[in-house]
Amino acid sequence: MIKNTILNAVIGYPLEHTLSPKLHNALYKAAGLNAVLLPLEKENLAKLVETIRFLSVELTAVTMPFKRDILGYLDFVDEEAKTIGAVNTVILKNGKLNGYNTDIVGIRAALKGVNLKDKKVLLLGAGGVALPVAHVIKTAGGRLLVWNRDSKKAEVLIKNVFGPNSKQAEIVSLDQLTAKDVDVIINATPVGMFPNVNESPLNLSLLAAHQVVFDLVYRPMKTKLLLDAESKGAKTILGITMFIAQALEQIRLWSGKNLSGLISENELISLLSDSK
Ligand code: NAP
């Protein structure tokens, strides 16, 4: 290890498929930052936080299943992260652990240029990442239609993000919808993810040319849902765009440096697409 190298980490359990080390380390190298990001995999969050403090880890990327529970260990939590009750980034500064949610920034970056105001946005899934998606749609003034296998979870998601009795969000069942009822589609389920690359969460008949379709799944980069959407002439957004944007925001929060554009998105995508 080089002298004075700053240690950063990604924590989660399990961590075998994380792309964070590859992405962060490529960006640190390109920016001449003397730092390395390593995976710290453990089931016990308290022990991980102890390790972060002991090793003075400056930036910690937090992934499943700790995004919610980590809040109990932090000295400061950013307002938007507090609103959704999930943190994916911890910065250690002057002995204090500060929590942020850069998934929110990543989702906004991926949807940049998409007009969401009063648009009907179909969100598939009500798990961890559906929460920041719903928050982004709410703050952009979109109308949220949530579908989830377990509709109780969709109900909880709507209540948590929009509050009770909101007219801005509702639960839907897919067999009641037609393509014209939906302007934007966001997949926040793992359907279509490697190795099940031939699966799509939506029937082709619900896709149409006027739509924007954003799949959060990024392994493969272009999922069956996105290929189907393209075949109907819809605009598509890759999940990796969000992943890269959220990582750039993590680096900005930690180092103060904006590295966007330092390596082109296409180069980063080809670097990451070697990973299974
Ligand atoms: P999670 O908390 O485990 O939630 C999974 C959601 O998908 C739940 O709503 C679950 O429904 C639903 N689901 C699971 N299997 C399903 C199936 N076979 N059919 C229909 N619905 C199914 O996971 P998460 O953290 O929200 O992540 C969801 C996806 O987003 C993952 O593929 C992840 O890789 C991706 N992601 C991408 C980024 C990015 O930067 N692009 C960031 C975070 C996550 P039930 O409630 O009914 O179980």
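The structure reproduced in this document is the subject of the present report. (Residues numbered from 1 in each chain as written. Predicted model: local features only at pLDDT ≥ 70, side-chain atom pairs only at ≥ 80, totals over all residues. Heavy atoms only, no water.)

Section: the overall build of the chain
What counts is decided by this rule: Per the convention used, a helix needs a DSSP run of H or I reaching at least four residues, while a strand needs a run of E reaching at least two, with both numbered from the N terminus. Put simply, the radius of gyration uses C-alpha atoms, and a globule should come to 2.2 Å times the residue count raised to 0.38. Only protein chains enter the accessibility calculation, which uses a 1.4 Å probe; a residue whose area is less than 20% of its type maximum is buried, one above 50% is exposed, and one in between is partly exposed. Contacts were defined at the residue level, with two residues in contact if any of their heavy atoms lie within 4.5 Å. Here the accessible surface of atoms and residues is derived via Shrake-Rupley with a 1.4 Å probe, and residues count as covered only by protein chains that are part of the display. His is not counted here, nor are the chain ends, while Lys and Arg score as positive and Asp and Glu score as negative. By convention, charge coordinates are those of NZ in Lys, CZ in Arg, CG in Asp, or CD in Glu.
A tally of helices and strands in the chain yields 9 helices and 12 strands. Computed over its C-alpha atoms, the radius of gyration of the chain comes to 19 Å, within 12% of the 19 Å expected for a compact globule of 276 residues. Dimensions of the chain, computed from the C-alpha atoms along their principal axes, are close to 60 × 40 × 30 Å. Within the chain, the fraction of its 276 residues that count as buried is 50%. Pairs at least 24 residues apart make up 69% of the contacts formed inside the chain by residues separated by at least 6 positions. Of the roughly 13400 Å² of accessible surface on the chain, 51% is carried by carbon and sulfur atoms. Counting 32 positive and 26 negative side-chain charges, the chain places the centres of these two groups 3 Å from one another.

Focus on the packing of helix α1 (residues 20-31) against helix α9 (residues 265-273)
Here is the rule: Under this scheme, a helix contributes an axis fitted over its contacting stretch, all axes are lines through C-alpha atoms, and angles between N-to-C directions fall in the 0 to 180 degree range. These descriptions rest on fixed angle ranges, namely under 35 degrees for roughly parallel, over 145 for roughly antiparallel, 65 to 115 for roughly perpendicular, and the rest for oblique. Left-handed is the label given to a crossing in which the near helix is rotated counterclockwise from the far helix by less than a right angle, and right-handed is the label when the rotation is clockwise.
Here α1 crosses α9 at 135 degrees, and the two axes come no closer than 10 Å. Accordingly, the angle class assigned to the pair α1 and α9 is oblique. At the point where α1 passes α9, the crossing takes the right-handed sense. Touching Lys-22, Leu-23, Ala-26 and Leu-27 of α1 are Leu-268, Leu-271 and Leu-272, all from α9.

Details of the pattern of salt bridges
Spelled out, the test is: What counts as a salt bridge is simple: a side-chain nitrogen of Lys or Arg found within 4 Å of a carboxyl oxygen of Asp or Glu.
Enumeration according to the criterion identifies 8 salt bridges in this entry. Note that Asp-75 is salt-bridged to Arg-53, the shortest N-O span being 3.3 Å. Here Arg-53 lies in helix α2 (residues 45-54) and Asp-75 lies in the loop between β3 (59-62) and β4 (76-77), a separation of 22 residues in the sequence. Residue Asp-75 is classed as partly exposed on the basis of its relative accessible area, which comes to 44%.

Here we look at the pairing of strand β8 (residues 143-147)
The condition that has to hold: Pairs of strands are assigned from DSSP output, requiring at least two bridges between the strands. A clockwise path from the first strand over the helix to the second, with the strands pointing away from the viewer, defines a right-handed crossover.
By the bridge criterion, 5 bridges tie strand β7 (residues 120-124) to β8 in an arrangement that is parallel. Bridge assignment links Leu-124 to a residue of β8, and that residue is Trp-147. Read from β7 through helix α5 (residues 130-139) to β8, the crossover connection turns out right-handed. A crossover connection joins β8 to the parallel strand β9 (residues 169-171) through helix α6 (residues 151-162); in handedness this β-α-β unit is right-handed.

Some thoughts on the layout of surface pockets
We apply this condition: A 1.4 Å probe that fits but cannot get out identifies a cavity on a 1 Å grid over protein atoms alone, an open set with protein on both sides within 12 Å along at least five of seven lines counts as a pocket, and a residue lines either if it has an atom within 4 Å of a point. Grid points are joined across faces, edges and corners, and a volume is the space filled by probe spheres set on the points. Residues are grouped as follows: Ala, Val, Leu, Ile, Met, Phe, Trp, Tyr, Cys and Pro are nonpolar; Asp, Glu, Lys and Arg are charged; every other residue, Gly included, is polar.
The space that makes up the largest pocket amounts to roughly 1100 Å³. Lining the largest pocket are 34 residues, and of these Thr-63, Met-64, Lys-67, Met-193 and Tyr-218 lie nearest its centre. Listing elements by their share of the lining of the largest pocket, those giving two or more residues are β3 and α8 (239-255). The leading source of residues in the lining of the largest pocket is α8, at 5 residues. Tallied by class, residues from the lining of the largest pocket come to 19 nonpolar, 11 polar and 4 charged.

Some points on the site of the ligand
Applicable threshold: A cutoff of 4 Å decides nearness: a residue is near a molecule or strand if any of its heavy atoms lies inside that distance of it. Nitrogen and oxygen atoms within 3.5 Å of one another constitute a polar contact, given that in protein one can donate a hydrogen and the other can accept it, and given that sequence-neighbouring residues count only through two side-chain atoms. What decides whether a molecule sits in a cavity or pocket is whether more than half of its atoms lie within 2 Å of the grid points.
Inspection of the region around the ligand gives 22 residues, with Ala-126, Gly-128, Val-129, Asn-148 and Arg-149 positioned closest. Between an oxygen atom of the ligand and a main-chain N or O atom of Asp-150, the distance comes to 3.2 Å. A distance of 3.0 Å is found between a nitrogen atom of the ligand and a backbone nitrogen or oxygen belonging to Gly-239. In isolation the ligand has 930 Å² of accessible area, and contact with the protein removes 77% of it. In a pocket analysis with a 2 Å cut-off to the grid points, the ligand is assigned to the largest pocket. Among the elements that take part in the shell around the ligand, α8 stands out by supplying 3 residues, more than any other. Looking at the shell around the ligand residue by residue, the classes come out as 13 nonpolar, 6 polar and 3 charged.

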